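Coordinate inspection notes
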Amino acid sequence: MNAADLQDVLDALKPPAFFVGPGDRIAVSNASARALFGAALAGQNHVAVLRQPQLLDAIETVARGAEAARAPFTARDGDRETIWLASAAPLRLNGQRGVLVSLEDTTALQEAGQIRRDFVANVSHELRTPLTALIGFIETLRGAAKDDPVARDRFLGIMTREATRMNRLVQDLLSLSRVESEERLRPTGTLDLGALLRSVQSSLAPLLRESGVELTIEGCEALPVVPGDGDQLRQVFTNLIENAVKYGGRGKTIRVRGIVHEREPSMRGAAVQIDVADQGEGIDPIHIPRLTERFYRVDSHRSREMGGTGLGLAIVKHIVNRHRGRLRISSRPGEGSTFSVLLPQG
Ligand SMILES: Nc1ncnc2c1ncn2[C@@H]1O[C@H](COP(=O)(O)OP(=O)(O)O)[C@@H](O)[C@H]1O
Ligand SMILES: [Mg+2]
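The rules we used
- Residues numbered from 1 in each chain as written.
- Chains lettered and ligands numbered in written order.
- Predicted model: local features only at pLDDT ≥ 70, side-chain atom pairs only at ≥ 80, totals over all residues.
- Axes fitted to C-alpha atoms, helices over the stretch in contact; angles between N-to-C directions.
- Helix = DSSP H or I, 4+ residues; strand = E, 2+ residues; numbered from the N terminus.
- Left-handed = near helix turned anticlockwise from the far one by under 90°.
- Contact = placed C-beta atoms within 7 Å.
- Nonpolar A, V, L, I, M, F, W, Y, C, P; charged D, E, K, R; others polar.
- Near = placed C-beta within 6 Å.
- Domains from an automatic or database assignment.
- Expected span 1.5 Å × (residues − 1).
- Buried ≥ 20, exposed ≤ 12 C-beta atoms within 10 Å, placed from the backbone.
- Pairing = 2+ DSSP bridges.

**Here we look at the packing of helix α9 (residues 230-248) against helix α11 (residues 312-322)**
For the pair α9 and α11, interaxial distance at closest approach is 9 Å and the crossing angle is 145°. Both α9 and α11 take part in a crossing whose hand is left-handed. Where α9 abuts α11, its residues Q232, L233, Q235, V236, N239, L240 and N243 lie against G312, I315, V316, I319 and V320. Taken together, the residues that form the contact of α9 with α11 break down as seven nonpolar, five polar and no charged.

Next comes the structure, spelled out in structure tokens:
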């Protein structure tokens, strides 16, 4: 092969690739390689340009006769670190042996790994807290509080609460994993959102009564039917209304409102919007973009006190995505928050 042919081949490739020829010079490179290592790559000594020892070792290993070698390579793209996997292989150019290096962007893979590790750490932490409390109370009941019926009752009450919290967490985790695994499957049913909202209202009636909160539903009598999974959308509105009860405050009103859009630009067609608005203290705008992340809470202590798992809005977002809808959150600190679910009509 000659240099012009190799240039054509490398130019046809999207991933960064270059060829190290005699005298350790970079003889051929493509545009992606120049974007990664600098425009003046041609003719340079590869040691001076590449610098990272693992990559240099891989090239040297192949230059000395090995058939292949691999090495990680980290670069900067603005303030983001990108992680590459470089593969080196021998290639003859004009009869002389050199080393062809190509790089594969593994940043997304590494980030997914990091997200998974963070998730496992979060789950472990969330489970450990109630578990530690349970173990502590079991020990107290077997020892100091053994013959104290009053203390025993109180501790059993706390133990029930902690066990219930663990149960809720496990249920939310299962829901989340089910919803995530179905996210690419379009829902097959159709449903009447007005009827669904009234049914959510009646199943939450005891909670509303206990919390002294009123729930009003407007504009939902004659909504067009939408394609959707009834169980999942029930979960969406249950979660949003439960949050509005928890964070909206006693004696306040939650307004649920249905709006029909003949043309919703973000949905390229007709859509139904359901707003769940509370009169709570609202949410600082810096938190809003992160609320749907798993375990993200504005005030973790307060959320836990109220039995929250920090997974409710993550579940809501995945369900809305599956329905090809949108979740919009708006809030004025001091005046309340509105969570809007937009669902396409077809
Ligand atoms: N209606 C609301 N008003 C104020 N803050 C809210 C509201 N809904 C949710 N949040 C905030 O978003 C966080 C995440 O909500 P969610 O995922 O449902 O978790 P949880 O309710 O279990 O804490 C809550 O901890 C709370 O800080
Ligand atoms: Mg919640």
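**Regarding the site of ligand 1**
If you check the shell around ligand 1, you find 20 residues, and the closest are Y247, R297, S303, G308 and G312. Breaking the shell around ligand 1 down by element, the ones donating at least two residues are α9 and α11. Counting residues per element, the shell around ligand 1 draws most heavily on α9, which supplies four residues. By residue class, the composition of the shell around ligand 1 is eight nonpolar, nine polar and three charged.

**Focus on the domain arrangement of the chain**
As far as domains go, the chain holds domain 1 (3-105), domain 2 (107-181) and domain 3 (187-346). Using only C-alpha atoms to locate each centre, domain 1 and domain 3 end up separated by 52 Å.

**A few points about helix α5 (residues 107-142)**
Since the α-helix packs 3.6 residues into each turn, any two residues three or four apart lie on the same face. The first and last C-alpha atoms of α5 sit 52 Å apart over 36 residues, in line with the 52 Å expected at 1.5 Å per residue. Burial analysis of α5 places just three of its 36 residues in the buried class, which makes it a mostly uncovered element. When we look at burial in α5, the residues that qualify are E126, P130 and F137. For α5, the elements touching its buried residues are α6 (149-181).

**Re the sheet that holds strand β12 (residues 336-344)**
Taken together, the five strands give an open sheet; going across it, the order is β7-β9-β10-β12-β11, and neighbouring strands pair in mixed fashion. The outermost strands of the open sheet, each flanked by one partner alone, are β7 (214-218) and β11 (326-332). Across the sheet, the axes of successive neighbouring strands diverge by a mean angle of 20°, strand direction being ignored. Strand direction decides the pairing type here: strand β10 (residues 269-277) and β12, joined by seven bridges, are antiparallel. Note that in β12 the partner of V276 across the bridge is F339. Each of β7, β9 (253-264), β10 and β12 touches α9; the most contacted strand, β9, lies at about 135° to it.

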